[in-house]
Amino acid sequence: MNTIMTKVLIVAFLAVATLGYKVDKTSDAEKFKLGIRALCKSNNAEEEATQAVAAFESFYNYFATFATDAFAYEFWEAKNKGELNKFFNKYCSKAQEIKTGISTFFGGLYPCLHSTVRNDVTADNAATAEFIDYFCHNDGERPIAFLTEGGSDYLKKNSGYVSDCVTEKRKNITENDNPFDVYRFCGRVVDVFSCALKILEESPLKNAINQGQSLVTFFTKHTFCKDRVKTV
């Protein structure tokens, strides 16, 4: 596995933690484990594979709790009752715990990384922590402002337009089918964000628009994707 693929794996794992990439099937988890073992072997650290896989399993099991029906129900129940502040207060209070889980995972993966990309772990780990802090600023006031004004409902209602916009943006882009391709991942996420923002800006939802603009700016300038996509 080459240096570029190593970077791709780093970002793919970060996506699980920060962007809610849903890895909820055993086959998906096994693919990640196989990828880690291949990574260790390619960097002459095959003896570290067991430790690295164990770190991933711990990471996976923890974050899987945020991709359950119970978690989704709790969120929508809070939204419908106007109690999003309680919901975000509960989960943002776990911010340090989440950061520790991510850094522990990377600590287990570190021995298997090529020396030329080990610095990426430090930078991407810091970017992830910064993203969590951004999201949980004042117990989630940014997402709460977006949600309470109806930003998510508006986007859901206009999801077809967002999808068409993304398709149009990417129609002339040739990409492979590798889910670990960092440029593919970052490009797609930024296109979705920018298209959603474009649709939002046609609405009267000023707070939602402001929060959408803030998120796009933050993601393209302060996360692990900042050097891997064109700024929108």
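This write-up is about the structure you can find in this document.

Conventions and cut-offs
- The residue numbers shown here count from 1 along each chain, following its written sequence.
- Per-residue local features of the predicted model are confined to residues with pLDDT of at least 70, and side-chain atom pairs are confined, for both listing and counting, to 80 or more; whole-chain, interface and lining totals are unaffected and use all residues.
- Processing note: side-chain calculations cover all non-hydrogen atoms of the structure and skip hydrogens and water entirely.
- Here's how the labels work: a residue is buried when its accessible area is under 20% of the maximum for its type, exposed when over 50%, partly exposed in between, all with a 1.4 Å probe on protein chains only.
- What counts as a helix is a DSSP run of H or I of at least four residues, what counts as a strand is a run of E of at least two, and both are numbered from the N terminus.
- As a rule, the C-alpha atoms of each element are fitted with a line to give its axis, helices using only the stretch in contact, and angles between N-to-C directions run from 0 to 180 degrees.
- Note on terminology: angles under 35 degrees are roughly parallel, angles over 145 are roughly antiparallel, angles of 65 to 115 are roughly perpendicular, and the others are oblique.
- In this description, contact between two residues means that some pair of their heavy atoms is separated by no more than 4.5 Å.
- Just so you know the grouping, Ala, Val, Leu, Ile, Met, Phe, Trp, Tyr, Cys and Pro go in nonpolar, Asp, Glu, Lys and Arg go in charged, and all remaining residues, Gly too, go in polar.
- Residues belong to one nonpolar core when they are buried, are Ala, Val, Leu, Ile, Met, Phe, Trp, Tyr or Cys, and are joined through side-chain atoms within 4.5 Å.
- Only a pair of cysteine sulfur atoms within 2.5 Å counts as a disulfide in this structure description.
- A helix is expected to reach a length of 1.5 Å times the quantity of its residues less one.
- In this description, the arc belongs to the directions extending from the helix axis to the C-beta atoms.
- The term salt bridge refers to a side-chain nitrogen of Lys or Arg lying within 4 Å of a carboxyl oxygen of Asp or Glu.

**So, helix H8 (residues 141-148)**
Here's step 1: Taken as a whole, H8 has its buried residues at Pro-143, Ile-144, Ala-145, Phe-146 and Leu-147.
Here's step 2: Gly-150, located one to two residues past H8, shows a positive phi value of around 100 degrees.

**With respect to the packing of helix H4 (residues 69-81) against helix H5 (residues 84-92)**
Here's step 1: Close contact between H4 and H5 brings their axes to 7 Å; oriented N to C, the two are set at 140 degrees. Relative to H5, the element H4 is oriented oblique. Between H4 and H5, the residues in contact are Phe-71, Glu-74, Phe-75, Ala-78 and Lys-79 and Leu-84, Phe-87, Lys-90 and Tyr-91, respectively.
Here's step 2: Taken together, the residues that form the contact of H4 with H5 break down as 6 nonpolar, no polar and 3 charged.

**Considerations on the nonpolar core**
Here's step 1: Within the largest apolar cluster, 25 residues are counted, with the highest numbers of intra-cluster contacts made by Ile-36, Phe-56, Ile-102, Phe-105 and Leu-109.
Here's step 2: Going through the elements one at a time, helix H2 (26-42), helix H3 (49-63), helix H6 (95-109) and helix H7 (118-135) are the ones with two or more residues in this core.
Here's step 3: In terms of residue count, the dominant contributor to this core is H3 (8 residues).
Here's step 4: With 23 residues, the next largest nonpolar core counts Tyr-91, Leu-155, Cys-195 and Leu-205 among its residues.

**Side note on the state of the cysteines**
A covalent bond bridging the sulfur atoms of two cysteines is what the word disulfide describes.
Here's step 1: For the structure shown, the criterion picks out 3 disulfides.
Here's step 2: Note on cysteine connectivity: Cys-40 is disulfide-linked to Cys-112, with sulfurs 1.9 Å apart. Negative torsions about the S-S bond denote left-handed disulfides, and the value of about 85 degrees found for Cys-40 with Cys-112 makes this one right-handed. Separated by 72 residues along the polypeptide, Cys-40 in helix H2 and Cys-112 in the loop between H6 and H7 bring together distant segments of the chain. This pair shows no difference in class: Cys-40 is buried, exactly as Cys-112 is.
Here's step 3: Across a sulfur-sulfur distance of 2.1 Å, Cys-92 and Cys-136 are joined as a disulfide pair. On the sign convention where negative is left-handed, the bridge of Cys-92 and Cys-136, at about -80 degrees about the S-S bond, is left-handed. Of this pair, Cys-92 sits in helix H5 while Cys-136 sits in the loop between H7 and H8; the two residues are 44 residues apart in sequence, bridging distant segments of the chain.
Here's step 4: Taking the relative accessible area as the measure of exposure, Cys-92 reaches 9% and is therefore buried.
Here's step 5: Using a relative accessible area of 17% as the deciding quantity, one classes Cys-136 as buried.

**Looking at helix H10 (residues 159-170)**
Here's step 1: With 12 residues, H10 should cover 16 Å at 1.5 Å per step; its first-to-last C-alpha distance of 17 Å lies within 8% of that length.
Here's step 2: Among the residues making up H10, those that are buried are Val-162, Cys-165, Val-166 and Arg-170. Buried residues of H10 fall within an arc of 120 degrees about the axis and therefore sit on the same side. Summarising the geometry of H10, the exposed residues directed more than 90 degrees from the buried face are Tyr-161, Asp-164 and Thr-167.

**Some thoughts on the pattern of salt bridges**
Here's step 1: Under the counting rule described, the total for this entry stands at 8 salt bridges.
Here's step 2: Put simply, Lys-33 and Glu-57 hold a salt bridge, and the shortest N to O gap is 2.8 Å. Taken together, the positions of Lys-33 in helix H2 and Glu-57 in helix H3 put the pair 24 residues apart, joining distant regions of the chain.
Here's step 3: We classify Glu-57 as partly exposed; its relative accessible area is 32%.
Here's step 4: Through salt bridges with shared partners, one network takes in Glu-30, Lys-33 and Glu-57.

Limitation: the analysis is restricted to geometry and does not speak to function.
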